Amino acid sequence: MSVARAEADGGRDSWSEAESAVLAEAVHCAPSVHNTRPWELAIHGRTAELRERTVLAAQHDPEGRDRRISLGAALANLVLAIRGLGWAAEAATRLAGDLVTATATGTHRSRPADAENRRRRALTDRRSHRHAFDRRELPEGTRDVLLEALAAPGVTGRWIAGADEALAVARLLDYAARVFRGDAEYQRELALWITPRGRGVRPEAFGTGGLAAVGLTTSRTRLPDESLLAARIQREAVLVVATSADTPQDHVRAGAAMEQAWLEAASRNLAASVMTQPLHLEEVRTGLAQHLGLTAVPQVLMRFGLPVEAEVGDR
Ligand SMILES: Cc1cc2nc3c(=O)[nH]c(=O)nc-3n(C[C@H](O)[C@H](O)[C@H](O)COP(=O)(O)O)c2cc1C
């Protein structure tokens, strides 16, 4: 650090306690698989480091894909928080053994852009909406805005469009939901993650029917018939987030891009939920890529919509 810059910060070359608290809060708000927050946050100087942390009872994520996507979402939040503190942020990832460490460093003073401010302000409002959306269409141009928010090197977004694609996706999700519903070990573990507070998914956060419910299937989930599910997919805005390769770093990139789009949606009072559980089955990933003509690897499915009118004030 240059002497001039250190002086501008009162001689300090590290995040203050208050700034560190802002960074920690932003990370805490990030979405994560089963709300496990599979990372450790450490702050040194002007660098905040997120270390991937394995969790017990994680058969739902045998390859750690979701852990790293979650880490990517936390990294996106960290970068937005650093921007909010008025610093440029440099993000990097490295592999230590099998585990990813992601860092975000404040490099020099820099004012955040409007989009960054908007998304940062939405950090605490963003949440998973696993219920039906309002029947109204998304406002004109929203799909393009969300794709733009998602855009990052190596990451692409693809909207599911038309009846044929919707039916193909419905079939794959229905197949995955039946596999997970019939998997006693998966169900036993999921039950452990359903808790009213702390880490884990709150019981009332589950959807009872429709597309979002299919993405986290308990033994009590009502599976809609394929054509009903296809109609729901066609009516909702469903986005596939895909990456050009399938390395641990690609999973982190997918998570960061997903979070940018999710926060952009939240900043526009849109509701959203994500699902990756069906994509843990390789046949679902390859089936999806084939039906959509994707050369990239599907990592996350996102659904966006308008919350039902009465819910807007409830948030
Ligand atoms: C990598 C990742 C995978 C997820 N997979 C699913 C999923 O398959 N189905 C689902 O309903 N929610 C899924 N979620 C949403 C999480 O359960 C949710 O973010 C977490 O419980 C915290 O709740 P919140 O999003 O309301 O803050 C996933 C989230 C992440 C980051």
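Residues numbered from 1 in each chain as written. Predicted model: local features only at pLDDT ≥ 70, side-chain atom pairs only at ≥ 80, totals over all residues. Heavy atoms only, no water.

**Student:** When you look at empty space enclosed by the protein in this model, what are you seeing that I'm missing?
**Tutor:** The rolling of a water-molecule-sized probe over the atoms marks out the regions of remaining empty space. Evaluated as defined, the whole model comprises one cavity of 30 Å³ or more. There is about 40 Å³ of room inside the largest cavity. Contributing to the lining of the largest cavity are Arg 65, Asp 66, Ile 69, Thr 276, Leu 279, His 280, Arg 285, Pro 298 and Gln 299. Of all the secondary-structure elements, those providing two or more residues to the lining of the largest cavity are α3 (65-84) and β8 (297-305). The element best represented in the lining of the largest cavity is α3, accounting for three residues. Both of domain 1 (3-121) and domain 2 (142-312) provide at least three residues apiece to the lining of the largest cavity. (1 Å grid on protein atoms, 1.4 Å probe; cavity = no way out; pocket = protein on both sides within 12 Å on 5 of 7 lines; lining within 4 Å. Points joined across faces, edges and corners; volume = space filled by probe spheres on them. Helix = DSSP H or I, 4+ residues; strand = E, 2+ residues; numbered from the N terminus. Domains from an automatic or database assignment.)

**Student:** What exactly am I supposed to notice about the side chain of Arg 285 here?
**Tutor:** Residue position: Arg 285 is located in helix α11 (residues 282-292). For the buried Arg 285, no salt bridge exists, and the shortest N-O distance to an oppositely charged side chain is 4.4 Å, to Glu 63. Residues in contact with Arg 285, not counting those within four places in the same chain, are Glu 63, Arg 65, Leu 279, His 280, Val 297 and Pro 298. (Buried < 20%, exposed > 50% of the residue type's maximum accessible area, 1.4 Å probe, protein only. Lys, Arg positive; Asp, Glu negative; His and termini not counted. Salt bridge = Lys/Arg side-chain N within 4 Å of Asp/Glu carboxyl O. Contact = heavy atoms within 4.5 Å.)

**Student:** Is there a simple way to explain the pairing of strand β4 (residues 99-109) in this structure?
**Tutor:** The side chains of a regular strand alternate between the sheet's two faces. As defined by bridge partners, strand β2 (residues 47-52) adjoins β4 across five bridges and the pair is classed as antiparallel. Bridge pairing in β4 links Thr 47 to Thr 105. With antiparallel pairing between neighbouring strands as the criterion, strand β3 (residues 87-96) and β4 make up a hairpin whose turn holds two residues, including Gly 97 at a positive phi of roughly 65°. (Pairing = 2+ DSSP bridges.)

**Student:** Can you walk me through the packing of helix α2 (residues 17-28) against α3 in this structure?
**Tutor:** The axes of two packed helices give the description: the angle between them and the distance between them. Where α2 meets α3, the axes come as close as 8 Å, and the angle between the chain directions of the two elements is 145°. α3 is crossed by α2, and the crossing has right-handed handedness. Each of Val 22, Leu 23, Ala 26 and Val 27 in α2 lies in contact with α3, whose residues at this interface are Ala 74, Asn 77, Leu 78, Ala 81 and Ile 82. Class assignment of the residues belonging to the contact of α2 with α3 gives a composition of eight nonpolar, one polar and no charged. (Axes fitted to C-alpha atoms, helices over the stretch in contact; angles between N-to-C directions. Left-handed = near helix turned anticlockwise from the far one by under 90°. Nonpolar A, V, L, I, M, F, W, Y, C, P; charged D, E, K, R; others polar.)

**Student:** Is there a simple way to think about the pairing of strand β7 (residues 271-275) in this case?
**Tutor:** Burial analysis of β7 places four of its five residues in the buried class, which makes it a mostly covered element. Two elements, β7 and β8, share five bridges in a ladder whose sense is antiparallel. Bridging across to β8, Ser 273 finds its partner in Arg 303.

**Student:** What am I meant to see in the nonpolar core here?
**Tutor:** Soluble, globular proteins show a tendency: their nonpolar side chains are buried together. Within the largest apolar cluster, 32 residues are counted, with the highest numbers of intra-cluster contacts made by Leu 173, Ile 233 and Leu 288. Elements with a minimum of two residues in this core: α6 (162-181), α7 (184-193), α8 (210-214), α9 (226-235), β6 (237-243) and α11. Broken down by element, this core gets its largest block of residues, eight residues, from α6. When near neighbours in sequence (up to four residues on either side) are disregarded, Leu 173 contacts Leu 211, Val 214, Leu 229, Ile 233, Met 275, Pro 278 and Leu 301. (Core = buried A, V, L, I, M, F, W, Y, C linked by side-chain atoms within 4.5 Å.)

**Student:** Even after reading the chapter, I still don't get the packing of α3 against helix α4 (residues 114-121), so can you show me in this structure?
**Tutor:** For the pair α3 and α4, the least separation of the axes is 9 Å and the interaxial angle reads 115°. Of the two possible hands of crossing, α3 and α4 adopt the one that is left-handed. Across from Leu 80, Ala 81, Arg 83 and Gly 84 in α3, the residues of α4 making contact are Glu 116, Arg 119 and Arg 120. Class assignment for the residues of the contact of α3 with α4 results in two nonpolar, one polar and four charged.

**Student:** I keep staring at the domain arrangement of the protein chain and nothing clicks. Help me out?
**Tutor:** When the domains of the protein chain are assigned, the result is domain 1 (3-121) and domain 2 (142-312). Using C-alpha coordinates to define each centre, domain 1 is positioned 24 Å away from domain 2. Every contact between the two is made by 33 residues of domain 1 and, on the other side, 34 residues of domain 2. Taken together, both faces of the contact between domain 1 and domain 2 bury some 2800 Å²; the carbon and sulfur share is 57%. (Buried area = accessible area lost by both parts, 1.4 Å probe.)

**Student:** Is there a simple way to explain the pattern of salt bridges in this structure?
**Tutor:** Close approach of charged atoms allows side chains with opposite charge to pair. This model, assessed by the stated rule, comprises 20 salt bridges. For Arg 67, the salt bridge is made with Glu 52, and the minimal N-O distance between the two is 2.8 Å. With Arg 67 in helix α3 and Glu 52 in strand β2, the pair connects residues that are 15 residues apart, well separated along the chain. For Arg 67, a relative accessible area of 12% corresponds to the buried category. Of the charged contacts, one joins Arg 268 and Glu 264 as a salt bridge, the two residues approaching to 2.8 Å between their closest N and O atoms.

**Student:** What is the right way to look at the site of the ligand in this model?
**Tutor:** As a matter of local geometry, the ligand sits amid 20 residues, with Arg 126, Ser 128, Arg 130, Gly 215 and Gln 277 nearest to it. One of the side-chain nitrogen or oxygen atoms of Arg 130 is found 2.6 Å away from an oxygen atom of the ligand. Thr 276 has a polar backbone atom sitting 3.0 Å from an oxygen atom of the ligand. With respect to the detected pockets, the ligand is housed in the largest pocket. The residue makeup of the shell around the ligand includes at least three contributed by each of domain 1 (3-121) and domain 2 (142-312). (Near = heavy atom within 4 Å. Polar contact = N/O pair within 3.5 Å; in protein donor to acceptor, adjacent residues only side chain to side chain. Sits in = over half its atoms within 2 Å of the grid points.)

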